[in-house]
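Structural description and commentary
Each chain, written out:
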Amino acid sequence: MNALPSALAEIVDDFAAVGASDKLTLLLEFSRELPPLPAELEQSAMEPVPECQSPLFLSVDDSDRDNVRLYFSAPPEAPTTRGFASILAQGLDGHSADEILGVPDDFYSALGLAEAVSPLRLRGMSAMLARIKRHLRG
């Protein structure tokens, strides 16, 4: 596996350190930590991620390729989707485009959520990362 950016590697380690029953609790904690959108960014200007089971929108600001900014919007009643978005926000925001592009597409498997979360929901997280990477390659 390619090296993960340090912030994302720490998150993966946090999930690896807890038992199966606590992984959902940790995901819920992440959902509460999803940063709010900056005042100048409206959800209507963001890209939808229809692969997610709940409404999710993202915005990638790569005007500084050494400090990519990631923004996510998901409703509070979608804690799994918000948790995944928060993991990506906390793990990748502020990193370089090259670091983000180097993240393995299936890094989320290292979180160990496959037994706690449906494959459809995991595909949503994969889709978020894929859209971020597509934007950075574009």
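Residues numbered from 1 in each chain as written. Predicted model: local features only at pLDDT ≥ 70, side-chain atom pairs only at ≥ 80, totals over all residues. Heavy atoms only, no water.

Per an unreviewed UniProt entry, the recorded name for the protein is SufE family protein, and the organism is Rhodococcus baikonurensis. Turning to the protein, the UniProt record has this under Sequence similarities (unreviewed entry): "Belongs to the SufE family." (UniProt positions renumbered as here; feature names shortened; annotations may be inferred.)

Oppositely charged side chains may form a pair once their charged atoms are brought near each other. Under the criterion given, the structure shown has 6 salt bridges. Taking the shortest distance from any N to any O, the salt bridge between Arg131 and Glu51 comes out at 3.1 Å. Of this pair, Arg131 sits in helix 5 (residues 119-137) while Glu51 sits in the loop between strand 1 (47-48) and strand 2 (57-61), and the two are 80 residues apart along the sequence. On the basis of relative accessibility, which here comes to 13%, the residue Arg131 falls in the buried class. Close ionic contact of Asp105 with Lys133 constitutes a salt bridge, the shortest N to O distance being 2.6 Å. With a gap of 28 residues between them, Asp105 in the loop between helix 4 (97-101) and helix 5 and Lys133 in helix 5 connect regions that are remote in the sequence. Three or more residues are tied together by salt bridges with common partners; here these are Glu47, Glu51, Arg131 and Arg134. (Salt bridge = Lys/Arg side-chain N within 4 Å of Asp/Glu carboxyl O. Helix = DSSP H or I, 4+ residues; strand = E, 2+ residues; numbered from the N terminus. Buried < 20%, exposed > 50% of the residue type's maximum accessible area, 1.4 Å probe, protein only.)

We now examine the UniProt feature "domain: Fe-S metabolism associated" (unreviewed entry) in the protein. In this structure's numbering, the residues bearing the UniProt feature "domain: Fe-S metabolism associated" (unreviewed entry) are residues 13-134. Secondary structure across residues 13-134 comprises 43% helix and 10% strand; the distance between its end C-alpha atoms is 26 Å.

On to the pairing of strand 2. Within a regular strand, side chains alternate between the sheet's two faces. In terms of residue burial, strand 2 counts as a mostly covered element, since 4 of its 5 residues are buried. Pairing of strand 2 with strand 3 (residues 69-73), which is carried by 5 bridges, proceeds in the antiparallel orientation. Across the sheet, Leu58 pairs through a bridge with Phe72, a residue of strand 3. (Pairing = 2+ DSSP bridges.)

Take the packing of aromatic side chains next. Under the defined criterion, the tally for this structure stands at 2 aromatic pairs. Judged by centre distance (5.8 Å) and plane angle (25°), the ring pair of Phe15 and Phe30 falls under stacked. Placement of Phe15 in helix 1 (residues 6-16) and of Phe30 in helix 2 (residues 20-32) is noted, with a sequence separation of 15 residues between them. Both rings, one in Phe107 and one in Tyr108, keep their centres 6.4 Å apart while their planes meet at 80°; by these two values the pair is edge-to-face. (Phe/Tyr/Trp six-rings, centres within 6.5 Å; stacked < 30°, edge-to-face > 60°.)

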